[in-house]
Amino acid sequence: MDQVTIKGFIIANLLDLVRGKLSEQEFACLEEDLGVSYKSLKLAYFKDYPVEVQIRTEEKVAQILWQRSDDGAFYKFGRMNYETFAKSAIGRTALALVGKNPKRIVKASVRLMSTVMKGMKIEFEDRGENEISFRFRNNPYRPLGWQGVIDAVLESAGVTPEVTIIKHGPTDTEYLVTWS
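Help me out: how do you make sense of helix 1 (residues 8-19) in this one?
Structural remark: α-helix, 3.6 residues per turn; residues separated by three or four positions point the same way. Compared with the 16 Å implied by 1.5 Å per residue over 12 residues, the 16 Å span of helix 1 between its first and last C-alpha is a close match. Taken residue by residue, helix 1 has G8, F9, I10, I11, A12, L14, L15 and V18 as its buried positions. Where helix 1 is buried, its residues touch strand 1 (5-7), helix 2 (24-34), helix 3 (38-43), strand 2 (48-50), helix 4 (51-66) and helix 5 (71-87).

Help me understand the environment of D33, please; the structure alone is not making it clear to me.
Summarising the element assignment, D33 is placed in helix 2. Through-space distance from the C-alpha of D33 to that of R56 is 9.3 Å; in sequence the pair is 23 residues apart.

Help me out: how do you make sense of the sheet that holds strand 4 (residues 121-128) in this one?
Strand pairs in the sheet, formed through backbone hydrogen bonds, run parallel or antiparallel to each other. Within the open sheet, the 4 strands sit side by side as 4-5-7-6. Their pairing is antiparallel. Edge positions in the sheet fall to strand 4 and strand 6 (161-169), since each of these pairs with one other strand and no more. Recorded for the sheet is a direction-independent mean angle of 15 degrees between the axes of neighbouring strands. Pairing of strand 4 with strand 5 (residues 131-137), which is carried by 7 bridges, proceeds in the antiparallel orientation. For E123, the partnering residue across the bridge sits in strand 5 and is R135. Across the sheet, helix 7 (residues 102-113) touches strand 4, strand 5 and strand 7 (172-179), and the angle it forms with strand 5 is around 10 degrees. With respect to the sheet, helix 8 (residues 143-156) is in contact with strand 5, strand 6 and strand 7, its orientation differing from that of strand 6 by roughly 155 degrees.

Honestly, helix 2 in this entry has me stumped. Any pointers?
Inspection of helix 2 places F27, L30, E31 and L34 among the buried residues, and these make up the whole buried set. With its buried residues spanning 100 degrees around the axis, helix 2 presents them on a single face. When the buried face of helix 2 is taken as reference, the exposed residues oriented beyond 90 degrees from it are Q25 and E32. Where the residues of helix 2 are buried, they touch helix 1, helix 3 and helix 4. Downstream of helix 2 by one or two residues, G35 has phi in the positive range, about 80 degrees.

Teacher, can you tell me more about the pairing of strand 7 here?
It is a general feature of regular strands that their side chains alternate between the two faces of the sheet. Of all 8 residues in strand 7, 7 are buried; the element is thus mostly enclosed. When strand 5 meets strand 7, the two strands line up antiparallel, connected through 7 bridges. Across the sheet, residue S133 finds its bridge partner in strand 7, namely L176. Bridge analysis of strand 6 against strand 7 gives 8 bridges, and the strand direction is antiparallel. The partner of I165 across the bridge, within strand 7, is Y175. Taken together, strand 6 and the strand that follows it, strand 7, pair antiparallel across an intervening segment of 2 residues.

What counts and how
- Residues numbered from 1 in each chain as written.
- Predicted model: local features only at pLDDT ≥ 70, side-chain atom pairs only at ≥ 80, totals over all residues.
- Heavy atoms only, no water.
- Helix = DSSP H or I, 4+ residues; strand = E, 2+ residues; numbered from the N terminus.
- Expected span 1.5 Å × (residues − 1).
- Buried < 20%, exposed > 50% of the residue type's maximum accessible area, 1.4 Å probe, protein only.
- Contact = heavy atoms within 4.5 Å.
- Pairing = 2+ DSSP bridges.
- Axes fitted to C-alpha atoms, helices over the stretch in contact; angles between N-to-C directions.
- Arc of directions from axis to C-beta.

Structure representation (structure tokens):
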């Protein structure tokens, strides 16, 4: 499997969620455990980091915020990632250009959010007026993380999503997406 990387600002945003909830010593221990410093992440916002650092950070942050690190926590992170993107200047601009068409917005959002990664391949298949398939190859994430993104995107377009996840292999996940 090719190494998947993520931009440092994604990890920094996760640490922002718990920075004020921990003492300086606890936060320093978290940084040491993760092998990254918050300061370096903030200074090198667009530097690539192994996605494993993001995944470990999500596990630790989920434990701190919700006392859990199950798949449901990763679903919450997926939703939060989209909401953060949608509130950013780049996200607001991109989404304004796409409009509220559910298919266009979900396809554009997944494509735009994937630009902060390298090493993962996403294939799109149009399957009808209210249906699309996303297939993530070389996907290191828990399946519910991307479902959280997809659900949040479609809900922001004013529709109700229905997502079926198909695991074709350990790092090959397909999302069959419909909405009403």
